[in-house]
Amino acid sequence: MAKRDDADKFALIPVAKLTPEEAETELARLAAEIGLADDAYYAKDRPDLTDAEYDALRRRNLLIEKRFPKLKRDDSPSDKIGAAPSAKFEKAKHAVAMLSLDNAFNDDDVVDFAKRVRKFLGLDEKEEVAFTAEPKIDGLSLNLRYEKGVLALAATRGDGATGEDVTSNVLTIKDIPKMLKAAPEVLEVRGEVYMSHADFEALNARLEAAEEDPFANPRNAAAGSLRQLDAAITASRPLRFFAYAWGAASEDIAETQWDALQRFKKLGFQINPLTKRCKSVEEMIAQYKKIEEQRSSLGYDIDGVVYKVDRLDYQSRLGFVSRAPRWAIAHKFPAEKATTVLENIEIQVGRTGKLTPVARLKPVTVGGVVVSNATLHNQEEIERKDVRVGDTVVVQRAGDVIPQIVEVVKDKRKKGARKFKFPDRCPACDSHAVNEQNPNTGKADVDKRCTGGLICPAQAVERLKHFVSRQAFDIEGLGEKQIASFFEQGIIKEPADIFKLRARQNDGKIDLYTYKKTKDGDIYLDKDGHQVATNKKSIQNLFDGIEAKREISSARFINALGIRHVGETNARLFAGHYGDVAAFYEAAVKARDEASAAYQDMLSIDGVGALVARGVIDFFDEDHNRAAVDRLLAEVTPRQAEAANTSSPVAGKTVVFTGALELMTRDEAKASAQALGAKVSGSVSGKTDYLVAGPGAGSKLKKAEELGVKVLTEEAWKKLVSV
Ligand code: IVH
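This one's a predicted model, so the numbers in the text were calculated from it and none came from an experiment. (Residues numbered from 1 in each chain as written. Predicted model: local features only at pLDDT ≥ 70, side-chain atom pairs only at ≥ 80, totals over all residues. Heavy atoms only, no water.)

Which parts of the structure should I look at to understand the packing of helix α3 (residues 107-121) against helix α23 (residues 666-675)?
For any two helices packed against each other, the geometry comes down to the angle between their axes and how far apart the axes lie. Running from N to C, α3 and α23 point in directions that differ by 75°, and their axes come no closer than 6 Å. By the criterion of interaxial angle, the relationship of α3 to α23 is roughly perpendicular. Seen from α3, the contacting residues are K119, F120 and L121; seen from α23, they are D667, E668 and A671. Split by residue class, the contact of α3 with α23 holds three nonpolar, no polar and three charged. (Axes fitted to C-alpha atoms, helices over the stretch in contact; angles between N-to-C directions. Helix = DSSP H or I, 4+ residues; strand = E, 2+ residues; numbered from the N terminus. Parallel < 35°, antiparallel > 145°, perpendicular 65-115°, else oblique. Contact = heavy atoms within 4.5 Å. Nonpolar A, V, L, I, M, F, W, Y, C, P; charged D, E, K, R; others polar.)

Shown next as structure tokens:
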């Protein structure tokens, strides 16, 4: 954060009210602050401002320059290109996705985790299930691919599917063997790169001696050092590595997690000495306590303990749910806390109209990260904690989640501090904000929502941002900033407009950019002076990025619509169940009648309940939503949903399980069928391909026989899917 000293004494004066002298001081301050932020972001890998804060600085700078063109500085930030995030490293696609872990925050969560595992595997209380417990290292994960025993590729996790190729830097890390003896033909070893406290302090001392900025914490130092373009710099910064997992392997590497780690050790990797094999939840929690006690003397940062089911055959039966394995969990240490002052409470409007109060804080470092915002969730939370502007508050940050306000330090409350009055109108469109009723409980919802719907600009912008976001259309070159700017200018009002941009620009109906020559080349500005592109090629790239998404998966399309309660996971469920967007659309319209077969069918989707169904039905019940979807469908073509596994004999088939299953639990049966690309339904209909019937099957079996649906025993099903 920039220091709050004299230099920014005019920072709060609106541009329209600045005197020329004040404007000059402001331009100097903004040039300096933007310069520092650029440097932190691009050169040091250590952004110190949020995107919004950074944008606000650039915007203010431009506005001042517009008002006082003569005062524009030679080194004005507007003439500098804020360089796109560098394509410094080659991208590397992971052969096996790098997943994340679910979290447990207390002992009960761990007990539940062990129970879930048992239930899924159909094991009773008496049967022993062993788990490994090991420290969760606070560094960054790395995939090391060895081919014929030689380190062929080292890649960061990235988004889990694609990371960055950092091989040349990794070659300088002593803990990482460059060659393996007696390893499988292909072996990917995964683990955490980290920096010890001692090395971190020595590095910071060197940086400070050289008048360079120190790193905020060992994790940032490790990341910054690994992501150096110059491998010689990486080499001069001692990084370490613990192996704890693996990706692709041309042969089975062990039968248990424990043995896999022992094998890594033999191959020359460091494995964490605090790893223990535990035979009960009590032992797991005891190991957690032991590790927690040693936390401060370990000499490196850890942020919890990871438990993993020991038997690898169990691990593969358990599989994954969206992005995390069912067979592992991270038991986090309690969050770090700090005290600061609440400077203001602002209300943000989300894409579904939800009003979220956000606390603006006096910047404070919590666990190595500067925190200046915290969520306050909703009105109820503000009232319960009695949070008032000006209060001294305790904030906590747990992992990557948004910081929270834990409590108010009441002793420090200033006299006259007034209770916060939650608005009953939307700050963006002034429509009434109401607490809706929850259809499941019949109670008033804690969240206030703007009732402005389509007329609310805040909701519209958020919906568009969601539409182009990474899990939805993921349009290269069209990020949140551009969307906001195009929306403000009225160029993009709804998703379909995105796909009309190029034609409208070519026909001269819109003028997307003005461009300006600078000493560094041409830059392109929108009407407000926002920089939208750095050269002609970027404009072409934007159009290309849009064209590339005219064909899109049905799941992404459905997610992109921003239907309430329908995110990535549910969108995938719908795409999988209905096969394509047209069928989903049709079903959603028909399902309006809760007595209809379409409604029942929607509820039969595993994971879809009444709330989700209501979200879908309400969305398609609105004429304007259907019209907007129709216009979008005239521009883009959603692909037929691919079955998860098209080569399996049950891919695309609809299966119903009934009766008492004996060879597998119902959860396991469902999950394995879905993993093979089958749809699992709760009721038998003409669309059912297989009914898998265990002992005691009743009405479903009868119906299947009447309809001529193929009926399988559990054994026959297992045989069918085992090829
Ligand atoms: S196992 C499929 N073990 O935690 C699960 N992860 O929150 C693979 N991490 O991305 C991860 N220590 O960067 C595992 N002992 C450990 C770990 C560990 C740190 C990190 C890893 C992962 C993140 C998930």
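Picking up where we left off.
Looking at this structure, how should I read the side chain of R118?
Counting through the fold element by element, R118 comes out in helix α3. Lacking a salt bridge, the buried R118 has E125 as its closest oppositely charged neighbour, with an N-O distance of 4.8 Å. Beyond its immediate sequence surroundings of up to four residues, R118 is in contact with L123, D124, E125, E127 and V129. (Buried < 20%, exposed > 50% of the residue type's maximum accessible area, 1.4 Å probe, protein only. Lys, Arg positive; Asp, Glu negative; His and termini not counted. Salt bridge = Lys/Arg side-chain N within 4 Å of Asp/Glu carboxyl O.)

Help me understand the pattern of salt bridges in this model?
Oppositely charged side chains can pair when the atoms bearing their charge come close. Per the stated rule, a full pass over the model turns up 39 salt bridges. The salt bridge partner of E380 is R384, with a shortest N-O separation of 3.9 Å. Pair noted here: E380 and R384 are both in helix α11 (residues 379-385), with a separation of four residues, about one helical turn. Classification of R384 by relative accessible area gives exposed; the value is 53%.

Would you mind showing me how to read the sheet that holds strand β9 (residues 276-278) here?
Neighbouring strands of a sheet are bound in pairs by backbone hydrogen bonds; such pairs are parallel or else antiparallel. In spatial order, the strands read β2-β13-β10-β3-β9; together these five strands make up an open sheet with mixed pairing. Because the sheet does not close on itself, it has two edges, and the strands there are β2 (103-104) and β9. Bridge count between strand β10 (residues 302-309) and strand β13 (residues 328-332): five bridges; the pairing is antiparallel. Bridging from a neighbouring strand, V306 pairs with A330 of β13. Packed on one face of the sheet, α3 meets β2, β3 (131-137), β10 and β13 and runs near 175° to β13. Helix α8 (residues 257-267) contacts β3, β9 and β10 of the sheet and is inclined by roughly 55° relative to β3. (Pairing = 2+ DSSP bridges.)

Would you mind going over the site of the ligand with me for this structure?
Around the ligand, the surrounding shell holds 14 residues, and the nearest of these are E134, I137, E192, Y244 and K308. S141 places a polar side-chain atom, nitrogen or oxygen, 3.3 Å from an oxygen atom of the ligand. Y244 has a polar side-chain atom sitting 3.3 Å from an oxygen atom of the ligand. At the level of secondary structure, the elements contributing two or more residues to the shell around the ligand comprise β3 and β10. Of all the elements, β3 adds the most residues to the shell around the ligand, at four residues. (Near = heavy atom within 4 Å. Polar contact = N/O pair within 3.5 Å; in protein donor to acceptor, adjacent residues only side chain to side chain.)

Read these as spatial facts, not as claims about activity.
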